[in-house]
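# Descriptive analysis of the structure
Listed below, chain by chain, are the residues.
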Amino acid sequence: MKDSRRAKALVSEYFIFVIFIALVIVLTCLKPSFIQPSNLVNILKQASINGILAFGMMFVIIAGGFDMSVGSTVAFTGILAAMLGQGQYPIIVPLVVAMLGGLAVGIVNGVGIAVGNLPPFIMTPVRGLALLISNGKPVIGISETYKAVAASSIFGIPMLAVFLVVIIVICSFVLSKTVYGRRVYACGGNLLAAKVSGINTPMIRISTFAIAGLLAGLSGFLMTSRVTIGQP
């Protein structure tokens, strides 16, 4: 009986990995070129930006919330980065502005949802702002230095994957090794119990939205570098 329960727990925990491996095997059988290193690198580049977004969303979801504006935030911050990344400023400027823009959006969303108790789908006006500042048109003409951020690699590892690994390490450390991480879990486990225990639950929830916005801003910067255009 105990062995049966242990087997079920293992299957439940690692089921997604089994499906992933099975999917890779099936795709490789159907299309042998799928497993080619060049194709795997291309997939890694595409998945890295979504992975960074996912780790930001992870904080919000663990705390018991949900943020529907990350896609719009990527568009908004991508436009900001593209407008500042045409060679007139060092590359650090569009990166910092994009991340600060995402951070600001995240804080506004967090305050509206955690303090104002507004539904998450209401806190998504950023797409309109992206269209407004870009006049509804893609922003072109980003510099070669900006384009090189996503196109470059270190020892054969795409730079986008390096960004993702750094984000994974930082987020994993924060969630598993810090008091803040335990408080995020506490808010998601039982918000009332966390509040009674002395945790500033509104601030924790706002901070998770801020983290999601910050990483969405980074994703907007990297996405613009990858597609070489700011797309609202």
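Going by the structure above, here's the rest.
About the criteria used
- Residues numbered from 1 in each chain as written.
- Predicted model: local features only at pLDDT ≥ 70, side-chain atom pairs only at ≥ 80, totals over all residues.
- Heavy atoms only, no water.
- Phe/Tyr/Trp six-rings, centres within 6.5 Å; stacked < 30°, edge-to-face > 60°.
- Helix = DSSP H or I, 4+ residues; strand = E, 2+ residues; numbered from the N terminus.
- Buried < 20%, exposed > 50% of the residue type's maximum accessible area, 1.4 Å probe, protein only.
- Core = buried A, V, L, I, M, F, W, Y, C linked by side-chain atoms within 4.5 Å.
- Contact = heavy atoms within 4.5 Å.

This part covers the packing of aromatic side chains. For the structure on display, the rule yields two aromatic pairs. Each ring, one from Tyr14 and one from Phe17, has its centre 6.1 Å from the other, and the planes form 45°; the classification is tilted. Highlighted residues: Tyr14 and Phe17, both in helix α1 (residues 2–30), separated by three residues, approximately one helical turn. Its relative accessible area of 42% is what places Tyr14 among the partly exposed residues. Centroid distance Tyr146 to Phe221: 4.8 Å. Interplanar angle 20°. Geometry classified as stacked. On the criterion of sequence distance, the pair formed by Tyr146 in helix α6 (residues 144–151) and Phe221 in helix α10 (residues 201–227) is long-range, its members being 75 residues apart. You'll find Tyr146 and Phe221 in the same group, each marked buried.

Ranked by size, the top nonpolar core spans 36 residues in total, and within it Ile52, Ile167, Phe221 and Leu222 carry the most contacts. At six residues, helix α3 (residues 70–84) tops the list of elements feeding residues into this core. Discounting chain neighbours no more than four positions away, the residues touching Ile167 are Ile52, Phe55, Leu215 and Leu218. Among the nonpolar cores identified, the runner-up in size contains five residues, and Met57, Val70, Val74 and Ala216 belong to it.

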